[in-house]
Amino acid sequence: MAQPTGEPVEDYDYESLPPNFSLLQNMAAGAFAGIAEHTVMYPIDAIKTRMQIINPTPSAVYNGVLQGTYRIATGEGFLSLWRGMSSVIVGAGPAHAVYFATYEAVKHVMGGNQAGVHHPLAAATSGAAATIASDALMNPFDVIKQRMQIQNSSKMYKSMTDCAKYVYRNEGLSAFYVSYPTTLSMTVPFTALQFLAYESISTAMNPTKSYDPVTHCLAGAVAGGFAAALTTPMDVIKTMLQTRGSATDAELRTVNGFAAGCRLLYRREGVRGFFKGVKPRVVTTMPSTAICWSAYEASKAYFIRQNDSL
């Protein structure tokens, strides 16, 4: 690393955010990671959403990822698997920029950036704080995405903006945030578990915390799959709340929160209902979190190298 003449030489660890990785660069890396994560696995996420719908029409019942993909592609067109992705692209960039900026800032304040030392509490707390901030920005875009993922949505919404106008006009601003508390009940433990597992696995595989693509990819995949499986029940309720406005079921349309959603789901489908879509959720999350962490760490390493060369 180049240093001005006469100044002491300092070796900055890769994991230490300041001073060789600025907030703006961190947000850019996070935005890139978020878009990469959500777009690559989007079709499977669409199938997961449909599998979690309560009382679907017979033509919208899917028994697995492959069968769901085939039926949607042949019945509605191959591009239907990507319907609503524009909402994710628009929202994921800013949301993940906030997500990783918050994560790095909180982890640094809690001392989680010290080389060679594992800080599980700092990792879990940083992840929880990051998701609270990012979900506040992402929740409306997620509502639009899920509305556009359900069957026959093309007959109701022509585009992302058309869907947003329709929801606002018919259900009000609250429709974009009715699922926010439920979303947090899922994403806060999901992120805390994911970051805790990621930091633990990556530290065990790479004690020096140097940039290692294989470590970041494998640790991200395992951590994401583990957290996704455990938080599936909250994801099912979130889907219920975000798609209730499109339901023809009068009782379903009046569900107004997490507790009410749990009671309705348990009464109609029992305990099994809380794990609807768990397989596509895990299948989606493992590679998407691997992509997300790999993209983020690669961007982070790139910016640090660029800054160190100055």
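Residues numbered from 1 in each chain as written. Predicted model: local features only at pLDDT ≥ 70, side-chain atom pairs only at ≥ 80, totals over all residues. Heavy atoms only, no water.

Caption draft 1: Main features of the overall build of the protein. In terms of regular secondary structure, the protein is built from 12 helices and zero strands. Taken from the N to the C terminus, the helices and strands of the protein come in the order α-α-α-α-α-α-α-α-α-α-α-α. Taking as baseline every contact in the protein between residues at least 6 positions apart, the subset at least 24 positions apart corresponds to 76%. When the accessible surface of the protein is totalled, it reaches about 13700 Å², and 66% of it is carbon and sulfur. (Helix = DSSP H or I, 4+ residues; strand = E, 2+ residues; numbered from the N terminus. Contact = heavy atoms within 4.5 Å. Areas by Shrake-Rupley, 256 points an atom, 1.4 Å probe, with all protein chains shown as cover.)

Caption draft 2: How the structure looks around empty space enclosed by the protein. With the rule as written, the count across this model stands at three cavities of 30 Å³ or more. Taken together, 32 residues make up the lining of the largest cavity; nearest its centre are E37, H38, M186, T187 and F190. Counting residues per element, the ones that place at least two in the lining of the largest cavity are α1 (23-40), α2 (42-51), α4 (85-109), α5 (120-149), α7 (180-205), α9 (232-243) and α12 (278-308). Considered class by class, the residues forming the lining of the largest cavity number 10 nonpolar, 13 polar and nine charged. (1 Å grid on protein atoms, 1.4 Å probe; cavity = no way out; pocket = protein on both sides within 12 Å on 5 of 7 lines; lining within 4 Å. Points joined across faces, edges and corners; volume = space filled by probe spheres on them. Nonpolar A, V, L, I, M, F, W, Y, C, P; charged D, E, K, R; others polar.)

Caption draft 3: Region of the structure containing the pattern of salt bridges. Using the criterion set out here, one finds 14 salt bridges in the structure. For the salt bridge of E171 with R147, the shortest nitrogen-to-oxygen distance reads 2.8 Å. Within this pair, whereas E171 is found in helix α6 (residues 160-171), its partner R147 is found in helix α5, the two being separated by 24 residues in sequence. Residue E171 is classed as partly exposed on the basis of its relative accessible area, which comes to 22%. Between K238 and D235 there is a salt bridge, with the nearest N and O atoms lying 3.8 Å from each other. Placement of both K238 and D235 in helix α9 is noted, with a separation of three residues, approximately one turn of the helix. (Salt bridge = Lys/Arg side-chain N within 4 Å of Asp/Glu carboxyl O. Buried < 20%, exposed > 50% of the residue type's maximum accessible area, 1.4 Å probe, protein only.)

Caption draft 4: Quick look at unusual backbone geometry. The phi dihedral of N152 falls on the positive side, at around 65 degrees, and the residue is not glycine. Along the chain, the position of N152 falls in the loop between α5 and α6. Judged by relative accessible area, N152 falls into the partly exposed class, the value being 39%.

Caption draft 5: Representation of the packing of aromatic side chains in the model. Applying the stated criterion across every chain yields a total of five aromatic pairs. Geometrically, the ring pair formed by Y157 and Y166 is edge-to-face, given 5.3 Å between the ring centres and 70 degrees between the ring planes. On the basis of relative accessible area, Y157 is assigned to the buried category, the value being 0%. Y166 sits in the partly exposed class, given a relative accessible area of 24%. Here Y198 and W293 contribute two aromatic rings whose centre-to-centre distance is 3.7 Å and whose plane-to-plane angle is 10 degrees, an arrangement assigned as stacked. Here W293 lies in helix α12 and Y198 lies in helix α7, a separation of 95 residues in the sequence. (Phe/Tyr/Trp six-rings, centres within 6.5 Å; stacked < 30°, edge-to-face > 60°.)

Caption draft 6: Quick peek at the packing of α2 against α12. Close contact between α2 and α12 brings their axes to 9 Å; oriented N to C, the two are set at 155 degrees. In terms of axis orientation, α2 runs roughly antiparallel to α12. Note that α2 runs across α12; the crossing there is left-handed. Here α2 contributes I44, D45, K48 and M51 to the contact with α12, which in turn contributes P280, R281, V283 and T284. Its residues assigned to classes, the contact of α2 with α12 comprises four nonpolar, one polar and three charged. (Axes fitted to C-alpha atoms, helices over the stretch in contact; angles between N-to-C directions. Parallel < 35°, antiparallel > 145°, perpendicular 65-115°, else oblique. Left-handed = near helix turned anticlockwise from the far one by under 90°.)

Everything listed is a geometric property; what it means functionally is a separate question.
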